[in-house]
Structure formats: structure tokens, C-alpha cells
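These are the residues of each chain, in order.
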Amino acid sequence: MAPASPGTGDPPLALRGFTTLSLAPGARRTVTITLDPRAFSAWDEAAKAWRVRPGRYRLMVGASAADIRAVRDIEVEAAVGNPQP
């Protein structure tokens, strides 16, 4: 995952969820990976709390960071409350 407009100190890519599975050649399977609010949060030093950062994010799926096979942009809206650490 990557924010469309990375802030200072943001990594260019970040692993926010994963699963492993084995498939036979040519097989297909639907996989669900749930990302909670913390996946879209950054530490707010002034508030001493995690804060969801609204904005556009790019989700990427692949066998590795060097082998991205699907990409989708999403919009994250402002959240009510704070995710727990």
C-alpha cells in the first residue's frame, strides 16, 4: 500500500496485510484481506495517538513487492475516533 501523496517520513510502499496460499497451476481462488483503520493511520506526536489520514491510497497485490499483479486506488475518508495501537 502507498499513500498517493506520501508525507515526510512515509515509506514508498508499506505491507499492511497479507496471507499465504498454495494453488495448483491454472487454479483460481478469491482471497479477502481486511485492513483496519490502523492501516491508514500515522502517529500524531502532538496528540500522542494514531490518526487516520484521509486521502487517496493505492492498494497493490502481488507475489512480492517486485511482482505486483493488481492495483486499485481507494479514497479513505476522515474517521471518527482513533484506532488503538
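Residues numbered from 1 in each chain as written. Predicted model: local features only at pLDDT ≥ 70, side-chain atom pairs only at ≥ 80, totals over all residues. Heavy atoms only, no water.

**Some points on the overall build of the chain**
Thought 1: Within the chain, the secondary structure is distributed over zero helices and five strands.
Thought 2: Secondary structure of the chain in N-to-C order comes out as β-β-β-β-β.
Thought 3: Every one of the 85 residues in the chain was classed for burial, and the buried ones make up 18%.
Thought 4: Summarising the internal contacts of the chain: among those between residues at least 6 apart in sequence, 36% fall at separations of at least 24. (Helix = DSSP H or I, 4+ residues; strand = E, 2+ residues; numbered from the N terminus. Buried < 20%, exposed > 50% of the residue type's maximum accessible area, 1.4 Å probe, protein only. Contact = heavy atoms within 4.5 Å.)

**Concerning the environment of T34**
Thought 1: Relative to the elements of secondary structure, T34 occurs in the loop between β1 (2-3) and β2 (41-44).
Thought 2: Considered as a pair, T34 and F18 are 16 residues apart in the sequence and their alpha carbons are 9.2 Å apart.

**Remarks on the nonpolar core**
Thought 1: Of all hydrophobic cores here, the largest spans six residues; its members are M1, A39, F40, V52, Y57 and V76.
Thought 2: Setting aside residues up to four positions removed in sequence, F40 forms contacts with M1, L35, R51, V52, R53, Y57, I74 and V76. (Core = buried A, V, L, I, M, F, W, Y, C linked by side-chain atoms within 4.5 Å.)

**Side note on the confidence of the model for the chain**
Thought 1: The pLDDT averaged across the chain works out to 85; a share of 88% of its residues lies at or above 70.
Thought 2: Of all the helices and strands in the chain, β1 carries the lowest mean pLDDT, 82, while strand β5 (residues 67-76) carries the highest, 93. (pLDDT = per-residue confidence, 0-100.)

**Points about the sheet that holds β1**
Thought 1: Spatially, the three strands line up as an open sheet ordered β1-β4-β5, and their pairing is antiparallel. Two strands close off the open sheet at either side, each with one partner strand: β1 and β5.
Thought 2: In this sheet, β5 lies alongside strand β4 (residues 55-64) in antiparallel orientation, the contact comprising nine bridges. Across the sheet, the residue bridging to Y57 is I74, located in β5. (Pairing = 2+ DSSP bridges.)

**Re the pairing of strand β3 (residues 49-52)**
Thought 1: Note: β2 against β3, four bridges, orientation antiparallel. Within β3, the residue paired with S41 across the bridge is V52.
Thought 2: In this antiparallel pair of consecutive strands, β2 and β3, the connection spans four residues, and K48 shows a positive phi of 55 degrees.

**A closer look at the pattern of salt bridges**
Thought 1: Applying the stated criterion across every chain yields a total of five salt bridges.
Thought 2: In this structure, the salt-bridge partner of R51 is D44, at a minimum N-O distance of 3.7 Å.
Thought 3: Judged by its relative accessible area of 26%, D44 is partly exposed.
Thought 4: We note a salt bridge from E45 to K48, for which the minimum N-O separation is 2.2 Å.
Thought 5: In this structure E45 comes out as partly exposed when scored by relative accessible area, which is 47%.
Thought 6: Residue K48 is classed as exposed on the basis of its relative accessible area of 53%. (Salt bridge = Lys/Arg side-chain N within 4 Å of Asp/Glu carboxyl O.)

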